[in-house]
Amino acid sequence: MATEPDLIDARGLKCPLPVLKMEKRLAAMPPGATLIVLATDPMAKIDIPLHCQQNGHTQTLTTDGDVMRFEIVKA
């Protein structure tokens, strides 16, 4: 049975808060779990994928206006 992914709403937060919140939440999640991060800070487009790459997590990015939606699967 699939569970709903965790969600972090980091819209309106400035760097480095979105990636710090994501890092803290991922640390408490089991491998294979999915986390959704919503962000509006342009730096998140660089910081979140870089953090995921450095830690082996997979991530996809979609945008809706100025809101970026990162879907991250923990390594």
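The structure we're discussing is the one just above.
Residues numbered from 1 in each chain as written. Predicted model: local features only at pLDDT ≥ 70, side-chain atom pairs only at ≥ 80, totals over all residues. Heavy atoms only, no water.

### Things to note about the overall build of the chain
Along its length, the chain carries 2 helices and 4 strands. Secondary structure elements in the chain, listed N-terminal to C-terminal, are β-α-β-α-β-β. Expected size for 75 residues packed as a compact globule is a radius of gyration near 11 Å; at 11 Å, the chain falls within 12% of this value. Viewed in the frame of its principal axes, the chain has a C-alpha envelope of about 35 × 25 × 15 Å. Within the span of the chain, comprising 75 residues, buried residues form 32% of the whole. For the chain, the proportion of contacts with a sequence separation of at least 24, taken over those separated by at least 6, is 64%. (Helix = DSSP H or I, 4+ residues; strand = E, 2+ residues; numbered from the N terminus. Rg over C-alpha atoms; globule rule 2.2 N^0.38 Å. Buried < 20%, exposed > 50% of the residue type's maximum accessible area, 1.4 Å probe, protein only. Contact = heavy atoms within 4.5 Å.)

### Some thoughts on helix H1 (residues 17–27)
Along H1, the residues that are buried comprise Pro18, Val19, Met22 and Leu26. Buried residues of H1 fall within an arc of 90 degrees about the axis and therefore sit on the same side. Opposite the buried face of H1, by more than 90 degrees, sit the exposed residues Lys24 and Ala27. On the buried face of H1, the contacting elements are strand E1 (6–10), strand E2 (34–39), helix H2 (44–55) and strand E4 (67–73). (Arc of directions from axis to C-beta.)

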